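Observations on chain architecture
Residue strings, one per chain:
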Amino acid sequence: MLTTPSAERTHIALLGRCNSGKSTLLNALTGQQSAIVSTTPGTTTDPVRKAMEIQGLGAALIIDTPGLDDATTLGKERMARTAKVLDQTDIAIILFTDKGFDVEMEIIEECRVREIKSIIVLAQQDRIAEHEALRQEIEARTKQPVTTLSALTGEGIEQLREALTKVAAPEERYITEGFCKAGDTVLLVMPQDKSAPKGRLIQPQVQTIRELLDRGCTPICCTPDGMAAALAALRRSPELIITDSQAFETVYRQKPDYTTLTSFSILFARYKGDIELFTEGVKALKKITSSSRILIAEACTHTPQNEDIGRVKLPRLLRKRFGEELTIDIVGGADYPEDLTPYDLVIHCGACMFNRRHVLSRVERARKQGVAITNYGVILAALSGILDRVRVK
C-alpha cells in the first residue's frame, strides 16, 4: 500500500486549535512518531503528511495542520497553508477541546460549504473531567455524532477508525471508464524524449497500463516512431489508442479509421477534473489575441527540460498561433493564484500528482471567477485541429 501514489489516497486532514492534540492523534493513528508533540503553541508550523493504510478504508494520507487559533507572527501564513490543505481534503477530522466552540464551528461551516465530509472528535478526554457532558453539548451544537477519545492513552482510536470507514464510502472510478472493455486491445503511444524520466515510465502511463490489465484489456506499448510496426504486428486494429498529447498529430495520421483516439492527459482530465468544463473552456481560444494573458498550471514541480510540454512546447505553440507578445505565466505544484481574473484562459495539466478534490477545487475557483479553464490534452488537440476527431468524454 505504501507504493500507492499520494494522488490516489483518501486525504484526511486533522483540524483544530493549537494544543488540541492533532499531532498526538497523528502519531496514534500511524503508530509512529510522525509529528513533533509539544505543549508549546505553534509547534506544528507546516502541514505534516503521513501515508498509511486504514483497515476498511484503504490507502490514506493523514495531514496534520497548524492550530486554527495560531496567534503568532506567522499565524496568518500558517492559516493560509491550512486553507490550501482544505482544497485537497476528502475527510476532515475536527478536534474539539474544552476551550470553546467558535473556531471549530467556523471550520465545520467551511467544510459544509466545500462539501467536505467531516468527523467531530472530542479530544483529550483524559484531561477533561466532565467529558461526557461536553460531548453532548458539542453534539447539540454541531448536530453531528461526536467521537470521544484520548490519543495519549489510545482510548477511542478504534472508534475513530470505524467512523472513518463509515464516512469514506470511496467512489469507484476508472481512468479508462467508457473507453474500452474487457478483451479490447489498447495501443499506448508513449514518447520517451528528454523530458521523460530515464529508466522509468511516468505515473499516468504506469497507472493506465495497470488499470487496463486489471480490466482484462490487452495493452500494447510503443513510441511514435514504432507505431507503424506495432500496428502491423496486430491481427486486427486496436479498439483504442492512447497517446501522449504532444504526439497527437503524428498518431492521428497513422491511426486506423475505426479506432478511437484519446490521450493520457484527456483521460486524467476526466478522471480527476471536469471534462465538460475543460472542453467548453477551450473555446476561449477564439478570443485570444497577442495582448491576452494565459496561465499554465502544472501539478508537479520539476526542472524545465528542453522538450518540456508545459513550459516549452505549449508556450511555443501558443505564441506561434497568437503572437510572440502573448503573456504566459507558469506555476507549478501548490502555487495557484487566488485571483484568476487577470487571465483570459487557464490551461491545467492532467494533474496525475493531485487528488480529484484538489483538481476540482481549482476548477471551481476558475468557474466562480468566470475564467475559462481547459486541459493540456484538450488544448493540444484543438491547436492540432483534430479536437472534433478525438474522443474526450
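If you're wondering where the values come from, they're calculated on a predicted model, not measured in any experiment. (Residues numbered from 1 in each chain as written. Predicted model: local features only at pLDDT ≥ 70, side-chain atom pairs only at ≥ 80, totals over all residues. Heavy atoms only, no water.)

Considerations on the packing of aromatic side chains
For any pair of aromatic rings, the description rests on two quantities: the centre-to-centre distance and the angle between the ring planes. As enumerated under the stated definition, the model contains two aromatic pairs in all. Residues Phe-268 and Tyr-271 carry aromatic rings whose centres are separated by 6.0 Å and whose planes lie at 85 degrees to one another, so their mutual orientation is edge-to-face. Remark: Tyr-271 and Phe-268 occur in helix H9 (residues 264–272); sequence separation between them is three residues, near one turn of the helix. Across from the ring centre of Tyr-174, 5.0 Å away, lies the NZ or CZ of Arg-215, which sits over that ring. Over the face of the ring belonging to Phe-179 we find Arg-391, whose NZ or CZ atom lies 4.2 Å from the ring centre. (Phe/Tyr/Trp six-rings, centres within 6.5 Å; stacked < 30°, edge-to-face > 60°. Helix = DSSP H or I, 4+ residues; strand = E, 2+ residues; numbered from the N terminus. Lys NZ or Arg CZ within 6 Å of the ring centre and 35° of its normal.)

Things to note about the nonpolar core
Leu-285, Leu-314, Leu-318, Ile-347 and Ile-379 are the most contacted members of the largest nonpolar core, which totals 53 residues. Per-element tally for this core: the top contributor is helix H13 (residues 376–383), with six residues. If near-sequence neighbours (up to four positions away) are discounted, Leu-285 is found in contact with Leu-318, Phe-322, Leu-345, Ile-379, Ala-382 and Leu-383. Judged by nonpolar contacts, the second largest core, of 23 residues, contains Met-52, Ile-93, Leu-149 and Leu-160. (Core = buried A, V, L, I, M, F, W, Y, C linked by side-chain atoms within 4.5 Å. Buried < 20%, exposed > 50% of the residue type's maximum accessible area, 1.4 Å probe, protein only. Contact = heavy atoms within 4.5 Å.)

Examining the packing of helix H1 (residues 22–30) against helix H5 (residues 157–168)
Contact geometry for H1 and H5: axes closest at 11 Å, N-to-C directions at 80 degrees. When the interaxial angle is binned, H1 and H5 end up roughly perpendicular. Contacts between H1 and H5 involve Leu-25, Ala-28 and Leu-29 on the former and, on the latter, Ile-157, Leu-160 and Arg-161. Its residues assigned to classes, the contact of H1 with H5 comprises five nonpolar, no polar and one charged. (Axes fitted to C-alpha atoms, helices over the stretch in contact; angles between N-to-C directions. Parallel < 35°, antiparallel > 145°, perpendicular 65-115°, else oblique. Nonpolar A, V, L, I, M, F, W, Y, C, P; charged D, E, K, R; others polar.)

Details of the side chain of Thr-89
Following the sequence through the fold, Thr-89 ends up in the loop between helix H2 (75–86) and strand S4 (91–96). Overall, the relative accessible area of 0% leaves Thr-89 in the buried class. Among the polar contacts made by the side chain of Thr-89, one reaches the main-chain carbonyl oxygen of Val-85 at a distance of 2.8 Å. Beyond its immediate chain neighbours, meaning those up to four positions away, Thr-89 contacts His-11, Ala-13, Ile-116 and Arg-357. (Polar contact = N/O pair within 3.5 Å; in protein donor to acceptor, adjacent residues only side chain to side chain.)

A word on the pattern of salt bridges
Counted under the stated rule, the structure contains 20 salt bridges. The salt bridge involving Glu-338 is made with Arg-365; its shortest N-O contact spans 3.7 Å. With Glu-338 in the loop between strand S12 (327–332) and strand S13 (345–348) and Arg-365 in helix H12 (residues 356–368), the pair connects residues that are 27 residues apart, well separated along the chain. Judged by its relative accessible area of 54%, Glu-338 falls in the exposed class. Via salt bridges that share partners, Asp-87, Glu-110, Arg-114, Glu-338 and Arg-365 belong to a single interconnected network. (Salt bridge = Lys/Arg side-chain N within 4 Å of Asp/Glu carboxyl O.)

Quick word on the sheet that holds strand S2 (residues 48–54)
Spatial ordering of the open sheet is given by S2-S3-S1-S4-S5-S6, a layout of six strands whose pairing is mixed. The sheet is open, and its two borders are formed by S2 and strand S6 (146–148), each paired with just one other strand. Across the sheet, the mean angle separating the axes of adjacent strands is 25 degrees when strand polarity is ignored. Pairing of strand S5 (residues 117–122) with S6, which is carried by three bridges, proceeds in the parallel orientation. When the sheet's bridge partners are listed, Ile-120 is paired in S6 with Val-146. Strands strand S1 (10–16), S2, S4, S5 and S6 of the sheet are contacted by H5, whose axis makes an angle of about 165 degrees with S5. (Pairing = 2+ DSSP bridges.)

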